[in-house]
Amino acid sequence: MKLISTLTFSAVTHLLPAQFAVAKHTLRGGHTSTTWPHERTEGIISDATEPPNPEVFEAAISLDDFKNIDPELFEWVNPDEIRPGDTTCGFLKAPLGWEVEELDVVYPIVKTYVCVTFATQQPAPRGNLAVHCGGPGGLSLCNYAIWLDLDEEARSTYNIIGFDQRGMGRSEPTFVVPECAAQLQDTEGKLAVNYNDEESIRDAAKVYKEVHLNCWNHPGFKLEAIQGDGTSRAFHFLEYSGTRQLAEDIERIRRLFGNQKLSVYGISYGTIVMGTYATVFSDNVNLMVLDGNVDPNTDIESRTMDDARSKQQRLDYFIASCEFGNVQCAVPDLRQCINDVNRLVDWTGDEFQDWLAPFKGRLEILGLPIFANENFMMTIIIEVLFGAYNEISALCGAAKAGDVDSFKDWISKNVFGDIALGLEVETFPVLNVTRNNVMHSFEYNSESKPTSGQSPAADWPFQGYGQLAYSSVCQDMITAQDMAFGPYDEDRYVKFFQELNEQYSGAGTQLPVRNSAQWYSSTYYWPNITPLPPIGNPFLKGIIAGQLYDPATPYIWTQKMRDQFKSTSLLTSRSVNHGLSSARESVSADRRCFANILRYFKNGYIDFNDGKMCESDHIGDSCTIGEILTNGRCTSANVTKNVLAIE
């Protein structure tokens with residue numbers, strides 16, 4: 001059994017956000033509230049709510065019914081833990097394919113690990129809430145993140161259901177194997193790409209091609225089942241372990257767990273999970289919230305371009321904020337400073353490379369070699385550079401003057417002196433979180449509890465899982481299956497990234513392309529795709545939420561998702577963070593935005609107009625340039641340091 005620190009848990013929950021609710025709609029065709037409990041004194045959030053709509057909620061089945069589910073279909077690891085307020089898990093035993101579609105096919109059986117955090121009131125008055133916090137790679141630990149984000153009334157009345165989706169965590173079989181981890185197979189540093197260098201891009205393409213073909217041919221993915229006529233039929237696991245199959249497993253769980261309508265909540269990639277479920281099984285959805293949305297379309301080229309453009313816009317807006325009066329700028333022209341630094345790195349060329357050689361050992365992350373080429377070092381320099389406000393003027397001055405010696409001295413002091421501290425990841429046997437002066441303890445990574453897998457040091461559910469999962473293998477496997485129009489030609493692959501980098505250079509850092517390249521690359525030379533259906537439903541109601549300067553999911557994707565679910569209500573925050581689970585941590589305007597979702601959870605209807613805009617702290621008051629350039633979570637001066645301590 002292991003637990004993670006508050007800091008690590010916070011990082012996990014914001015990479016893979018956590019807050020969701022779904023309910024009947026109000027101002028767009030559902031029940032309309034004429035009083036507004038959220039209009040309160042500035043900065044004060046009250047727990048007062050309107051009476052819930054009794055037509056929305058149906059109580060879940062009893063705990064005895066949960067205990068008596070057919071173990072041939074779903075088997076609890078420890079049925080004694082099925083009790084009010086506790087969390088326990090079990091294995092769904094599901095056919096590899098959707099058996100309803102092909103009745104004459106006998107599929108192999110696979111196992112999906114499912115965890116339930118039971119409401120303290122039983123049977124749960126508001127029913128079951130299926131959650132997914134993102135990734136791909138987010139696991140059943142999402143249950144705890146959602147539980148923390150709800151208030152006492154909501155958490156006491158929902159059974160929260162989370163998943164280790166197929167191929168991940170404790171689910172069997174797994175695709176978290178070394179053969180599918182491109183970063184682990186890249187022994188020569190070819191994936192540290194210089195997108196200004198055609199040969200560097202070609203080298204990366206060759207690595208991805210070799211890894212993907214070897215991954216596809218991994219013997220563990222070849223499954224067989226005896227058919228009705230006695231013959232054996234072969235199946236490939238990587239054709240049946242994408243997002244569509246997770247949606248089908250969620251539907252199986254809904255039927256086994258009482259057959260009532262299911263409320264669904266997805267954040268980040270979880271919006272694709274729950275959006276797909278709501279598309280394929282729309283009649284079975286009760287309430288729906290999709291927050292921090294991913295592109296609902298399956299065109300990998302447009303998704304990658306949107307991602308790079310968004311990261312460029314976030315950087316541009318932050319730089320422009322200097323002209324809005326950002327007191328953290330320290331220099332009058334940040335863009336010019338970034339360009340000066342980049343030019344100095346390029347100008348020193350081999351001399352800079354030779355000087356960097358002794359520092360390469362400091363750049364080993366998670367046991368993976370990081371090759372200190374000029375472009376990667378520019379990334380590291382910029383990341384640390386503008387986090388030290390009192391040093392910005394000195395560095396910008398040295399770069400502008402071409403003072404190589406002063407430049408090197410600054411890097412030695414401010415980059416390599418602290419870089420190791422930012423890479424340490426701690427794990428503990430218990431997760432302790434304080435809310436409202438109350439300590440909550442959460443058990444995970446044990447036989448009957450939720451799975452994390454986010455720490456690179458995690459050896460659960462098997463030796464080395466954390467390092468493999470941290471290498472992006474989960475994201476790669478799901479993206480490769482779900483997406484369409486990926487490249488199968490090296491020239492096309494190279495040209496795509498050259499043009500993308502030319503258009504979105506990140507003030508010379510290549511960071512927009514670096515941060516979006518993985519998604520496009522994961523589809524390169526993938527042997528056989530299983531693309532998702534177009535996501536959306538014109539009649540289903542709910543909340544589609546997004547943040548204008550979200551570092552992980554471009555706001556344009558939230559707009560697209562809202563257009564796909566035409567009867568939903570759009571909730572927008574000016575926040576620079578990823579998901580309202582991050583935005584709500586502000587004690588100012590961001591927190592009130594999340595209150596709209598919380599009321600929806602509890603009342604079963606929406607009480608705001610479509611397109612509602614929530615104010616937030618100004619980007620210059622909440623983000624450093626380092627957080628902008630690394631697409632990191634920003635911390636406002638108005639945000640408490642112990643983010644998990646806010647109720």
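For clarity, every value in this text was computed on a predicted model and none was experimentally measured. (Residues numbered from 1 in each chain as written. Predicted model: local features only at pLDDT ≥ 70, side-chain atom pairs only at ≥ 80, totals over all residues. Heavy atoms only, no water.)

Colleague: Mind laying out the side chain of Q245, listing which residues take part and the relevant values?
Modeller: Looking at where Q245 falls in the secondary structure, it is placed in helix 7 (residues 243-256). Within the structure, the side chain of Q245 is placed 2.9 Å from the backbone nitrogen of G242, a separation counted as a polar contact. Once residues within four sequence positions are removed from consideration, Q245 is found in contact with L96, R166, E239 and Y240. (Helix = DSSP H or I, 4+ residues; strand = E, 2+ residues; numbered from the N terminus. Polar contact = N/O pair within 3.5 Å; in protein donor to acceptor, adjacent residues only side chain to side chain. Contact = heavy atoms within 4.5 Å.)

Colleague: How would you summarise unusual backbone geometry if you had to cite specific residues and measurements?
Modeller: The omega torsion across Q122 and P123 is -5°, close enough to zero to call that bond cis. At S268, a position not held by glycine, the phi torsion is positive, near 60°. With a phi close to 50°, N445 is a non-glycine residue in the positive phi region. Tracing the backbone shows N445 in the loop between strand 13 (438-442) and helix 14 (465-470). Residue classification places N445 among the buried positions, given a relative accessible area of 2%. (Buried < 20%, exposed > 50% of the residue type's maximum accessible area, 1.4 Å probe, protein only.)

Colleague: Before we move on, could you go through the pattern of salt bridges and cite the residues and values that matter?
Modeller: Evaluation of the coordinates by the stated rule reveals 27 salt bridges. The shortest N-O distance in the salt bridge between E248 and R244 comes to 2.7 Å. Taken as a pair, E248 and R244 lie in helix 7 at a separation of four residues, close to a single helical turn. Owing to a relative accessible area of 3%, E248 belongs among the buried residues under this scheme. Beyond isolated ion pairs, a larger network of salt bridges with shared partners links E198, R202, K206, E490 and D491. (Salt bridge = Lys/Arg side-chain N within 4 Å of Asp/Glu carboxyl O.)

Colleague: Which residues make up helix 6 (residues 198-216), and what are the values?
Modeller: End to end, helix 6 covers 27 Å across 19 residues, agreeing with the expected 27 Å (1.5 Å per residue, within 8%). S200, I201, R202, A204, A205, V207, Y208, V211, H212, C215 and W216 are the residues of helix 6 that are buried. Considering only its buried residues, helix 6 is in contact with helix 5 (182-185), strand 8 (232-236), helix 15 (473-482), helix 16 (490-503) and helix 17 (511-521). Backbone nitrogen of E199 and a side-chain oxygen of the N-cap are separated by 3.0 Å at the start of helix 6; the cap is D197. (Expected span 1.5 Å × (residues − 1).)

Colleague: Please give an account of the environment of L262 that cites residues and values.
Modeller: Considering the arrangement of structural elements, one finds L262 in strand 9 (residues 262-267). Between the C-alpha atoms of L262 and D283, which are 21 residues apart in sequence, the distance is 9.7 Å. Ignoring any residue separated from it by four or fewer positions in sequence, one finds L262 in contact with N128, L129, A130, I250, R254, Y277, N284, V285, N286 and L287.

Colleague: Report on the confidence of the model for the chain, specifying residues and quantitative values.
Modeller: When pLDDT is averaged across the chain, the result is 81; 74% of the residues are at 70 or more. Low pLDDT, under 50, characterises residues 1-49; the stretch is placed with 183 contacts to residues that sit more than four places away or in other chains. Note that residues 636-647 has pLDDT below 50 and, in this model, 36 contacts with residues that lie over four places away or in other chains. (pLDDT = per-residue confidence, 0-100.)

Colleague: Just give me the short version of the pairing of strand 8, but keep the residues and values in it.
Modeller: In this structure, strand 7 (residues 222-226) lies alongside strand 8, joined through five bridges in antiparallel fashion. Paired with E224 across the two strands is A234, which belongs to strand 8. Taking the residues that link successive antiparallel strands as the turn, the strand 7-strand 8 hairpin has five residues, and the phi of G230 there is positive, at about 90°. (Pairing = 2+ DSSP bridges.)

Colleague: Describe the side chain of T558, and please don't skip the residues or the numbers.
Modeller: Positionally, T558 belongs in helix 18 (residues 555-564). A relative accessible area of 1% places T558 in the buried class. Those residues in contact with T558 that sit more than four places away from it in its chain are N293, I544, A545, G546 and L570.

Colleague: Just give me the short version of the packing of helix 16 against helix 17, but keep the residues and values in it.
Modeller: As a packed pair, helix 16 and helix 17 sit with axes 11 Å apart at the nearest point and diverge in direction by 155°. Considered as vectors, helix 16 and helix 17 are oriented roughly antiparallel to each other. By crossing handedness, the relation of helix 16 to helix 17 is classed as right-handed. Together, R492, Y493, F496, F497, L500 and N501 of helix 16 and V513, S516, A517, Y520 and S521 of helix 17 make up the contact between the two elements. Here the residues of the contact of helix 16 with helix 17 sort into seven nonpolar, three polar and one charged. (Axes fitted to C-alpha atoms, helices over the stretch in contact; angles between N-to-C directions. Parallel < 35°, antiparallel > 145°, perpendicular 65-115°, else oblique. Left-handed = near helix turned anticlockwise from the far one by under 90°. Nonpolar A, V, L, I, M, F, W, Y, C, P; charged D, E, K, R; others polar.)

Colleague: Give me the lowdown on the state of the cysteines, citing residues and values where you can.
Modeller: Going through the model one piece at a time under the given rule, you end up with five disulfides. Each sulfur in the disulfide pair C180 and C215 lies 2.0 Å from the other. Its S-S torsion of approximately 85° makes the covalent link between C180 and C215 right-handed. Here C180 is found in the loop between strand 6 (159-164) and helix 5, whereas its partner C215 is found in helix 6, with 35 residues between them in sequence. For the pair formed by C180 and C215, the shared burial category is buried. At a sulfur-sulfur separation of 1.9 Å, the disulfide partner of C337 is C396. Here C337 and C396 share a disulfide; its torsion about the S-S bond, -85°, makes the bridge left-handed. Taken together, the residues span a long stretch of sequence, with C337 in helix 10 (residues 334-356) and C396 in helix 12 (residues 389-401) at a distance of 59 residues. Each of the two residues, C337 as well as C396, counts as buried. (Disulfide = S-S within 2.5 Å.)

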